[in-house]
Amino acid sequence: MPITWETFLDIDEDIRRDLEILDGYVVPREQRGRDHQKVGTRLSLALERAAVIEMRRTGNALCLETNTEVDVLLWEVPATARKPDAVLHRCLPEFEQLAAEHVLIVAEVLSTWSERRDRVHKMSDYADAGIPHYWLVSFDKIGALVIERYALVGGAKPYMHIGTTHRDMGPVAVHVTDPFPIEVLWTDLEVAPSV
């Protein structure tokens, strides 16, 4: 039997960490290895650096923040929320629920066990919720390897592919102007710590 968003939030947080809610049904999240999690964290940190630069440039007229693996409420009826590997969104008051309308970019790190879900189901859900930018990130033992970028062009659904970069193409992983200027280097997305 489907449950409500409020009932989902009543689940113990330690248990809910590995769950999502789709059309009112609680489902387990896919397995995520350490490198998968590291790539998501590195991307979130790179987006945060770009957001800080943009906030300074605009005199803090725009407040932005990033998160990893946090519930993003896509719609309440039937309750559907995903936990992207990385998300860039407008700042929220402390107890306000992060929802699709606050989000600028969601990113999913692809793994063998998540690729179909990320490419088909999550892509469709994020587009239906109106999230303007969706990035898919492939990785290897070094770090991020390929970044595919999709956008809702002119507000039309589904997502349109707007660019793919590969680590062999040069040092810049992402260089975009929408939703604001963002530049990320491949070295920013390496899983091994810099020495």
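Bear in mind the structure is a predicted one, so any value in this text is a computation, not a measurement.

S.K.: Please provide a residue-by-residue account of unusual backbone geometry, values included.
M.R.: In the segment running from Val77 into Pro78, the intervening peptide bond is cis, with an omega of -15°. On the secondary structure map, Pro78 appears in the loop between β4 (72–75) and β5 (80–82). In this structure, Pro179 follows Asp178 across a cis peptide bond, with omega equal to 15°. With respect to the helices and strands, the residue Pro179 is situated in the loop between β11 (172–176) and β12 (182–185). In this structure, Asp23 takes a positive phi of about 50° despite not being glycine. By the secondary structure assignment, Asp23 is in the loop between β1 (19–22) and β2 (25–28). The backbone phi angle of Glu69 is positive, close to 50°, even though this residue is not glycine. On the basis of relative accessibility, which here comes to 25%, the residue Glu69 falls in the partly exposed class.

S.K.: Provide a residue-level description of the pairing of strand β8 (residues 133–139), including the pertinent values.
M.R.: β8 sits mainly inside the fold: six of its seven residues count as buried. The pairing of strand β7 (residues 103–109) with β8 spans five bridges and is parallel. Of the residues in β8, the one forming a bridge with Glu108 is Leu136. For the crossover that starts at β7, traverses helix α4 (residues 115–128) and ends in the parallel β8, the hand is right-handed. With seven bridges joining them, β8 and strand β9 (residues 144–151) adopt antiparallel strand pairing. Each bridged residue has a counterpart across the sheet, and for His133 the counterpart in β9 is Ala151. Adjacent in sequence and paired antiparallel, β8 and β9 are bridged by four residues, among which Gly143 carries a positive phi angle near 155°.

S.K.: Which residues make up the packing of aromatic side chains, and what values do they have?
M.R.: Counted by the stated rule, this structure contains three aromatic pairs. Geometrically, the ring pair formed by Tyr134 and Tyr159 is stacked, given 5.7 Å between the ring centres and 25° between the ring planes. Residue Tyr134 is located in strand β8, and its partner Tyr159 is located in the loop between β9 and β10 (160–166); the two are separated by 25 residues in the primary sequence. The same class applies to Tyr134 as to Tyr159, namely buried. In this structure an aromatic cluster arises from ring pairing among Tyr126, Tyr134 and Tyr159. The ring centre of Phe8 lies 6.0 Å from the NZ or CZ of Arg16, which sits over that ring.

What counts, and at which threshold
- Residues numbered from 1 in each chain as written.
- Predicted model: local features only at pLDDT ≥ 70, side-chain atom pairs only at ≥ 80, totals over all residues.
- Heavy atoms only, no water.
- Helix = DSSP H or I, 4+ residues; strand = E, 2+ residues; numbered from the N terminus.
- Buried < 20%, exposed > 50% of the residue type's maximum accessible area, 1.4 Å probe, protein only.
- Pairing = 2+ DSSP bridges.
- Right-handed = clockwise from strand over helix to strand, strands pointing away.
- Phe/Tyr/Trp six-rings, centres within 6.5 Å; stacked < 30°, edge-to-face > 60°.
- Lys NZ or Arg CZ within 6 Å of the ring centre and 35° of its normal.

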